[in-house]
Amino acid sequence: MLYFSFLSSGRKMEMQPHLPPNTDQTKIRSVFPPPVWDSYSFTSFSLLDSEYESWTRRVETLKEKVKDMLMADASNPIKKIELINLLCRLGLSYHFEREIEEQLIHIFNWVPQLFDENDYDLYTTALLFQVLRQHGFKMTCDVFKKFKDSNGEFKKSIIKDVRGILSLYEASFMSVHGEDILDEALEFTRSHLESLAMQSKPHYSERIKNALILPFHKGVPRVEAWQYISFYEKEESPNEFLLQFAKLDFNRVQLLQREELKVMARWWKDLNLAEKLPYARDRLVEIYFWACSIQFEPHLALSRMMMAKYLKMISLADDTCDAYATMKEVNAFTDAIERCSIDATDELPDYMKVFYKELLNLFEETENIASKEGRSYCAYYVKEEFKNLLRSYRMEAQWFNEGYVPTFDVYLQNGSESSSYGVIVAAGFIGMEKIAGIKEYQWLQSNPKIVKALKVLGRLENDIVSHQAEQKRGDSASSVECYMKEHDVLEKKAVEEILKICANAWKDINEECMKPTALPSPILQLLVNLARITEVVYRFDDSYTNPSSLKDKITALLLEPLPLQDQVNI
């Protein structure tokens, strides 16, 4: 297979890293698994500009035909909703945002009349609800009341409606606070889908299982597109034009992102920090996967690349403070970040000087890039977020040093910052010249409801899957230990309650995405996609620390093109 040459197969999968002679091994508190990928191998990628341009020209031609399909006769709104849903599932909807918005405005305004004049089945009702909510139109959940019996429970007659049950399950994740019927729908559908999967055709069974692992709304768009393309081509009567268009566009985006990964690999190789800071996790490929999961569209390349660079620096700072530095060194490093000056280097130990200088270089690169666009303020706000991050790391180190276990609320207030999501979003804004200005940076700095929810989600989901290993390594108390101590409960109960907080965070995120919104759609999409990659990486394991579980997804998104059928005229 194509990706084999990039696997770190030549390295023994052992826990002890190779350490240079000048590394103080007695200071290492955490020893991480070695990388799955040999990131330096990616520097050999070769992309012909003519190849990418050729594929782009084909995509531009195909887009016109789909636009015609979208703008065609609007007399059947359900057919239009099914087309929009298909474009979303196949990963093509980003090409048609304006056209889709126009159609959905019309359909949303038509909803009361549609339900007065039609007795829609469960599948149609749930699909209409999901697509409208997904695009920020707050359709009422009262439409599901008709599927309940006189006892207020969902009717047994709908249990065998596989498409309907799956559609209702997916729709239930679009809920906001106070929509009890959607919470009930989630419990009802989840309890029946496993048995329905066993009774369904193999390809449909696989789709149900994937949805139970991660629903569409919580999945990373490109991963979801890859999975759905595989499912859709096994359907009895797929739209071959859209199927092949989706494959072509998937491969085109993959081609561009492989080239970006090559650039990132060269940057990382030139820094040589994997050798200079051997106690830290070497996860460049996984870092880039994070970035292109948040912003995958070709025109957002700068946003993607800057997020990836800052994510790498975040990871190094985390491992430095968490796994190697003494309390005195953490204090010195945090103080140096507060100053953001080369003069502060003298106060740092040698190994920190190397990292600190490269971080200052990244700040300078940010300022140079942003200044060309008349947005020099970008660097200021990214620095401020990085300062907040280091303050939170210092607090965690202090708690660990003192053997102190804070209350859950105190922990979460600090832990929301140590999620690092403030830095990630600020870095993502760098490449969004026409959308993210000083007003949006100030909005981010005010820590609004959706950002707060995003940080809570990032911190808690990370803690749930990593706290046991961290406690074995001798780390500070996570949210799980704090909750257990404060409420005098066992781990299982603590995790259950924390998962409820995560579910409520998603409801906050959903609510803030309902129209009218405070921010442009691309910014909200960045935030939602950051929540989604959180779900993917921390669903069952800490897939950043233990990256082998991400290997298949990374291979699919970045390395292996989808097969195209030459006989289909596209």
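Being a predicted model, the structure only gives us computed values, none of them experimental. (Residues numbered from 1 in each chain as written. Predicted model: local features only at pLDDT ≥ 70, side-chain atom pairs only at ≥ 80, totals over all residues. Heavy atoms only, no water.)

**Some thoughts on the overall build of the protein**
Note the threshold: Note on conventions: DSSP H or I runs of at least 4 residues are helices, E runs of at least 2 residues are strands, and numbering of each starts at the N terminus. This radius of gyration counts C-alpha atoms alone. The globule rule is 2.2 Å times how many residues there are, raised to the power 0.38. Using a 1.4 Å probe on the protein chains alone, a residue whose accessible area is under 20% of its type maximum counts as buried, one over 50% counts as exposed, and one in between counts as partly exposed. Residue contacts are counted whenever heavy atoms from the two residues lie within 4.5 Å of one another. Per-residue and other accessible areas follow the Shrake-Rupley method at a 1.4 Å probe size, with only the shown protein chains counted as cover for residues.
Tallying secondary structure elements over the protein gives 23 helices and 0 strands in all. Taken against the 2.2 N^0.38 rule, which gives 25 Å for 570 residues, the C-alpha radius of gyration of the protein at 24 Å falls within 12% of a compact globule. Based on the C-alpha atoms only, the size of the protein along its principal axes is roughly 75 × 60 × 45 Å. Counting only residues that meet the buried cut, the protein has 58% of its 570 residues in that class. In the protein, once contacts between residues fewer than 6 apart in sequence are set aside, the share between residues at least 24 apart is 76%. Accessible area for the protein stands at about 24,500 Å²; split by element, carbon and sulfur atoms hold 49% of it.

**Some points on helix H15 (residues 377-402)**
To keep it simple, the criterion reads: For a helix, the expected span equals 1.5 Å multiplied by the residue count minus one.
Between the first and last C-alpha of H15 there are 38 Å, a value that for 26 residues agrees with the 38 Å anticipated at 1.5 Å per step. In the segment just after H15, glycine 403 is the residue with positive phi, at about 65°.

**A look at the confidence of the model for the protein**
The test is simple: The pLDDT value expresses, per residue, how confident the predictor is, ranging between 0 and 100.
In the predicted model, the protein carries a mean pLDDT of 90, and the fraction of residues at 70 or more is 90%. Considering only residues more than four positions removed or in separate chains, one finds that residues 1-21, a stretch of pLDDT under 50, has 45 contacts.

**Things to note about unusual backbone geometry**
Between lysine 515 and the following residue, proline 516, the backbone shows a cis peptide bond with an omega angle of -5°. Summarising the element assignment, proline 516 is placed in the loop between helix H21 (491-512) and helix H22 (521-538). The backbone phi angle of asparagine 272 is positive, close to 60°, even though this residue is not glycine. By the element assignment, asparagine 272 lies in the loop between helix H9 (240-271) and helix H10 (273-276). You will see that cysteine 340, though not glycine, has its phi angle at about 50°, which is positive. Among the structural elements, cysteine 340 can be located in the loop between helix H13 (327-339) and helix H14 (350-372). For cysteine 340, a relative accessible area of 19% gives the class buried.

**Notes on the nonpolar core**
Selection rule: In plain words, nonpolar cores are sets of buried Ala, Val, Leu, Ile, Met, Phe, Trp, Tyr and Cys residues tied together by side-chain atoms within 4.5 Å.
Membership of the largest hydrophobic core comes to 183 residues, with the highest contact counts inside it found for Phe144, Tyr310, Met313 and Phe386. For this core, the element with the highest residue contribution is H9, accounting for 13 residues. Setting aside anything within four residues of it in sequence, one finds tyrosine 310 in contact with Leu362, Phe363, Thr366, Val382, Phe386, Val423, Ala427 and Ile430.

**Considering the side chain of serine 167**
To keep it simple, the criterion reads: Polar contact is the term for a pair of N or O atoms within 3.5 Å; when the atoms are in protein, one must be able to donate a hydrogen and the other to accept it, and sequence-neighboring residues count only if both atoms are side-chain atoms.
One can find serine 167 in helix H5 (residues 162-172). Within the local environment of serine 167, its side chain forms a polar contact with the backbone nitrogen of leucine 127, the two atoms lying 3.3 Å apart. What serine 167 contacts, discounting residues up to four positions off in sequence, is Tyr123, Ala126, Leu127 and Gln130.

**Points about the environment of proline 215**
When you line up the elements, proline 215 lands in the loop between helix H7 (202-213) and helix H8 (221-232). Between the C-alpha atom of proline 215 and that of serine 172, which follows or precedes it by 43 residues, the distance is 9.7 Å. Once residues within four sequence positions are removed from consideration, proline 215 is found in contact with Tyr169, Glu170, Phe173 and Glu224.

**Details of the packing of aromatic side chains**
Quick note on the threshold: For this analysis, a ring pair means two rings from Phe, Tyr or Trp (six-membered ring only for Trp) whose centres lie within 6.5 Å, classed as stacked if their planes differ by under 30 degrees, edge-to-face if by over 60, and tilted for the remaining angles. Lysine and arginine charges are scored as sitting over a ring when NZ or CZ, respectively, is within 6 Å of the ring centre and within 35 degrees of the ring normal.
In this structure the tally under the stated criterion is 27 aromatic pairs. Connected via pairs of aromatic rings, a cluster forms that spans Tyr377, Tyr380, Tyr381, Phe429 and Tyr441. Sitting above the plane of the phenylalanine 241 ring, lysine 65 keeps its charged end 4.3 Å from the centroid. Over the ring of phenylalanine 154 we find lysine 148; its NZ or CZ atom is 5.3 Å from the centre of that ring.

**Comments concerning the side chain of threonine 366**
Following the sequence through the fold, threonine 366 ends up in helix H14. At 2.6 Å, the side chain of threonine 366 forms a polar contact with the side chain of tyrosine 310. Beyond its immediate chain neighbours, meaning those up to four positions away, threonine 366 contacts Met306, Tyr310, Ala379 and Ile430.

**Let's talk about H9**
When the terminal C-alpha atoms of H9 are compared, their 46 Å separation across 32 residues agrees well with the 46 Å that a helix rising 1.5 Å per residue should span. In terms of residue burial, H9 counts as a mostly covered element, since 26 of its 32 residues are buried. Capping of H9 at its N-terminal end is provided by asparagine 239; its side-chain oxygen lies 3.1 Å from the backbone amide nitrogen of phenylalanine 241.

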